[in-house]
Amino acid sequence: MTQHERPPSARRDELTERAYRYALEHGLTELSLRPLAAAIGSSPRVLLFLFGSKDELIRALLARARADELAALHRAREAGGHDDLAATVRAIWGWLVDPAHRPMLVLWLQAYARSLNEPDGPWAGFARQTVEDWLGLLAGVHGEAGSGHDAGDTDPSLGLALLRGALLDLLATGDAERATAVVERYLSLIRAPAR
């Protein structure tokens, strides 16, 4: 029985939340049921009963991580507004660069990479889904009509490429100042009037 076929369970929801907190601290790539169960006050047998399999547990945790990430990115997007891609990119970047969000972003990166390396199993489709999630956030932002800017200033794919590239750089180096300078440089270029 998959997670979608299982009836809702308060205990399952509680353990999903505890396991998600554990995954933020320890990651998902080397997840083992015995240490996870011990850390969250459960047992491997209970986890298997509630989730059906380790793969289903990982799927539930990935879904939980995606929901958390999307909610946070939606809030950041709302702060940037609906009619200015540069302001939206800046607001989302402000959220991404905040050190308090690093565990969630590292977990996202681990799942993204695993999805590319192991396209089957619990990771299947995670990378593609998050690309679509982020593009959906950026696609709803419309630049000012007749602003004289190049179409690139409202292209959600360019905004996504900038955010993801800068995020990968930030996660690899920890150099928030340099990564932020790159984002700001791009935003200043798309603000420049077309010639």
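Look above for the structure.
Residues numbered from 1 in each chain as written. Predicted model: local features only at pLDDT ≥ 70, side-chain atom pairs only at ≥ 80, totals over all residues. Heavy atoms only, no water.

Caption draft 1: Inspection of the packing of aromatic side chains at higher detail. Here the structure, examined in full by the defined rule, presents 2 aromatic pairs. Ring plane angle 45 degrees and centroid distance 5.2 Å describe the contact between Trp-108 and Tyr-112, whose orientation is recorded as tilted. Of this pair, Trp-108 and Tyr-112 both sit in helix α6 (residues 102–117), separated by 4 residues, roughly a single helical turn. The exposure class assigned to Trp-108 is buried, which follows from its relative accessible area of 4%. (Phe/Tyr/Trp six-rings, centres within 6.5 Å; stacked < 30°, edge-to-face > 60°. Helix = DSSP H or I, 4+ residues; strand = E, 2+ residues; numbered from the N terminus. Buried < 20%, exposed > 50% of the residue type's maximum accessible area, 1.4 Å probe, protein only.)

Caption draft 2: Geometry of the packing of helix α4 (residues 54–80) against helix α5 (residues 85–97). Running from N to C, α4 and α5 cross one another at 140 degrees; their axes reach a closest spacing of 7 Å. Regarding the angle of α4 to α5, the classification is oblique. Classified by chirality, the crossing of α5 by α4 is right-handed. Contact residues: Ala-72, Leu-73, Ala-76, Arg-77, Ala-79 and Gly-80 in α4; Ala-87, Thr-88, Ala-91, Ile-92, Trp-95 and Leu-96 in α5. Looking at the contact of α4 with α5 residue by residue, the class counts come to 9 nonpolar, 2 polar and 1 charged. (Axes fitted to C-alpha atoms, helices over the stretch in contact; angles between N-to-C directions. Parallel < 35°, antiparallel > 145°, perpendicular 65-115°, else oblique. Left-handed = near helix turned anticlockwise from the far one by under 90°. Contact = heavy atoms within 4.5 Å. Nonpolar A, V, L, I, M, F, W, Y, C, P; charged D, E, K, R; others polar.)

Caption draft 3: Here's a closer look at the nonpolar core. Residues Leu-47, Trp-93 and Leu-96 are the most contacted members of the largest nonpolar core, which totals 55 residues. The element that contributes the greatest number of residues to this core is α4, accounting for 10 residues. (Core = buried A, V, L, I, M, F, W, Y, C linked by side-chain atoms within 4.5 Å.)

Caption draft 4: Region of the structure containing helix α3 (residues 44–51). Inspection of α3 places Leu-47, Leu-50 and Phe-51 among the buried residues, and these make up the whole buried set. Considered in projection along α3, the buried side chains sweep an arc of 80 degrees and stay on one side of the axis. For α3, the exposed residues lying more than 90 degrees away from the buried face are Arg-45 and Phe-49. At its buried positions, α3 is contacted by α1 (10–26), α2 (33–40) and α4. Positioned one or two residues after α3, Gly-52 has a phi angle of 95 degrees, which is positive. (Arc of directions from axis to C-beta.)

Caption draft 5: Layout of α4. Taking 1.5 Å as the rise per residue, α4 with 27 residues should run 39 Å; its terminal C-alpha atoms sit 39 Å apart, in good agreement. The first or second residue beyond α4 is Gly-81, which carries a positive phi of 100 degrees. (Expected span 1.5 Å × (residues − 1).)

Caption draft 6: Layout of the pattern of salt bridges. Following the criterion strictly, the structure yields 11 salt bridges and no others. Of the charged contacts, one joins Arg-90 and Glu-184 as a salt bridge, the two residues approaching to 2.8 Å between their closest N and O atoms. With Arg-90 in helix α5 and Glu-184 in helix α9 (residues 176–191), the pair connects residues that are 94 residues apart, well separated along the chain. Among the ionic pairs, Asp-169 bridges to Arg-178, the shortest N-O distance being 2.7 Å. Here the salt bridges share partners, and the residues they tie into one network are Glu-17, Arg-21, Arg-64 and Asp-68. (Salt bridge = Lys/Arg side-chain N within 4 Å of Asp/Glu carboxyl O.)

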